[in-house]
Amino acid sequence: MNLQNKKANIALVGATGLVGVEFLKLLEERDFPFNMLYLFSSQKSAGLKLKVKGKIYTVREFDKNLFQNIDIAFFATSAEESKKYISLIKDFKTVSIDNSSAFRLKRDIPLIVPEINFENVKKTTKLIANPNCSTIQLVLVLKSLLQFGQIDSINVSTYQAISGAGRDALSTFFEQAKGKNKKGSPIFYNNLIQHIGSFKGEWCEEENKIINETRKILNKKDLKISATTVRVPVVNSHTEVVNVEFKNNVSLAKIKSVINKTPYLILLPETDPISVSGTNLVFVSRLRKDKFRDNVIHFIVTADNLRIGAALNGIKIAERIVYEK
Ligand SMILES: NC(=O)c1ccc[n+]([C@@H]2O[C@H](COP(=O)([O-])OP(=O)(O)OC[C@H]3O[C@@H](n4cnc5c(N)ncnc54)[C@H](OP(=O)(O)O)[C@@H]3O)[C@@H](O)[C@H]2O)c1
């Protein structure tokens, strides 16, 4: 990428949503190198003024013409909007990093977790898909486990926060907490919802995302992985209970040692309650061997879904593009 002073001109579409806001915080926190910044939303939030790195930016409705000089565009919009807007800018030089599910399983579109498979981004790549939030925190741990042998099967059960469903769901949750319930809204407060997204046969959308995206990212198309996804009344950060069955016996001590040495993973002591939201790390806890089988381990993985599961992954991809390509 040919950049002026190693700084990119960037755009963020969906700047006012939960993931968008996290992107803006991370641009500041990580001192992401940019010259121009354009922020976009729907008509509803257009005109809003947001401060980024001390400068005020006005949020606008999408305008294709403003993308002529944009090097990197982050999309934190729904799959429909991402598809529509990305097709409109396909002839520009812009590299799009999309958080929606629109392109994740397309064969020619790289689905990237930079710590795992950044090599799939080529100099000519114009569109990169960011995986689903619950997939990213899972594969970041699985990547470390793969060095201990071949994985025979994985079973994951998720406990997913309300923020994973976006800003409107979160405000419905807060309204319900105050005793107000809009007719027709799902009951988020004080409830567990036993599926996430619509069903395709017996499996719901979120389960299929975890299964298919994990296989694509780890480049293991026959990986035996099952998922059960549940929405829990927690504001932010997803938790997953994971069982991994290896084809061989494994050493828990060696696994712990590798997790401890991996910069983005934190192995928690058994009893410490901690606050995960707002952090840029993946927390592994309750790591233990199966009671009866020496080739099976169980653990819990928790991470901030808006950061690890969305905005941070997107920013890390962009950083690699700016600094390496
Ligand atoms: N939430 C998560 O944990 C998470 C994790 C991974 C991936 N994702 C994916 O990331 C995307 C964004 O999720 P989110 O949770 O941030 O959603 P959200 O809170 O509902 O935010 C949606 C954003 O899209 C904007 N928008 C809506 N219609 C638009 C239009 N026609 N043109 C331009 N912008 C429009 C909204 O702007 P207004 O303010 O004008 O409404 C808002 O900025 C989704 O595809 C989601 O599946 C989310």
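All values reported here derive from a predicted model rather than from experimental measurement.

Undergrad: With reference to specific residues and values, describe the sheet that holds strand β13 (residues 265-267).
TA: Spatially, the 6 strands line up as an open sheet ordered β11-β8-β12-β15-β14-β13, and their pairing is mixed. A single partner strand is all that each edge strand has here, and the edge strands are β11 (224-231) and β13. Strand-to-strand, the axes of this sheet are offset by a mean angle of 20 degrees, without reference to chain direction. Relative to strand β14 (residues 282-289), β13 runs parallel, the two sharing 3 bridges. From the neighbouring strand, L265 faces β14, where its bridge partner is V282.

Undergrad: I'd love a proper account of the domain arrangement of the chain, names of residues and values included.
TA: With domains assigned, the chain is organised as domain 1 (8-131 + 310-324) and domain 2 (135-304). For domain 1 versus domain 2, the distance between C-alpha centres works out to 25 Å. Taken together, the contact between domain 1 and domain 2 spans 13 residues of the former and 16 residues of the latter. Elements supplying a minimum of two residues to the side of domain 1 that touches domain 2: α3 (114-117) and α8 (307-324).

Undergrad: Explain unusual backbone geometry to me, using residue names and the numbers behind them.
TA: Positive phi is not limited to glycine here, since N219 has a value of about 55 degrees. Take N219: it is sitting in the loop between α6 (205-217) and β11. For N219, a count of 10 C-beta atoms within 10 Å translates into the label exposed. A positive phi angle is found at S237, which is not glycine, with a value near 90 degrees. With respect to the helices and strands, the residue S237 is situated in the loop between β11 and β12 (238-246). What makes S237 buried here is the crowd of 26 C-beta atoms within 10 Å.

Undergrad: An account of the site of the ligand is needed here, citing residue identities and associated values.
TA: In the vicinity of the ligand lie 31 residues, with G17, S45, S100, G166 and R167 positioned nearest. Looking at the shell around the ligand, the elements that each hand over two or more residues are α1 (18-29), β2 (34-41), α2 (79-88), α5 (167-177) and α8. Looking at the shell around the ligand residue by residue, the classes come out as 11 nonpolar, 16 polar and 4 charged. Two domains each put at least three residues into the shell around the ligand: domain 1 (8-131 + 310-324) and domain 2 (135-304).

Undergrad: Give me the lowdown on the sheet that holds strand β5 (residues 72-75), citing residues and values where you can.
TA: One open sheet holds the 7 strands; their spatial order is β3-β4-β2-β1-β5-β6-β7, and the pairing between them is mixed. The sheet terminates laterally at β3 (49-52) and β7 (127-129), the two strands that pair on one side only. In this sheet, neighbouring strand axes are inclined to one another by 25 degrees on average, regardless of whether the strands run parallel or antiparallel. Note: β5 against strand β6 (residues 95-98), 4 bridges, orientation parallel. Across the sheet, the residue bridging to F74 is I97, located in β6. Strands β1 (8-13), β5, β6 and β7 of the sheet are contacted by α8, whose axis makes an angle of about 160 degrees with β6.

Cut-offs applied
- Residues numbered from 1 in each chain as written.
- Predicted model: local features only at pLDDT ≥ 70, side-chain atom pairs only at ≥ 80, totals over all residues.
- Pairing = 2+ DSSP bridges.
- Helix = DSSP H or I, 4+ residues; strand = E, 2+ residues; numbered from the N terminus.
- Axes fitted to C-alpha atoms, helices over the stretch in contact; angles between N-to-C directions.
- Domains from an automatic or database assignment.
- Contact = placed C-beta atoms within 7 Å.
- Buried ≥ 20, exposed ≤ 12 C-beta atoms within 10 Å, placed from the backbone.
- Near = placed C-beta within 6 Å.
- Nonpolar A, V, L, I, M, F, W, Y, C, P; charged D, E, K, R; others polar.

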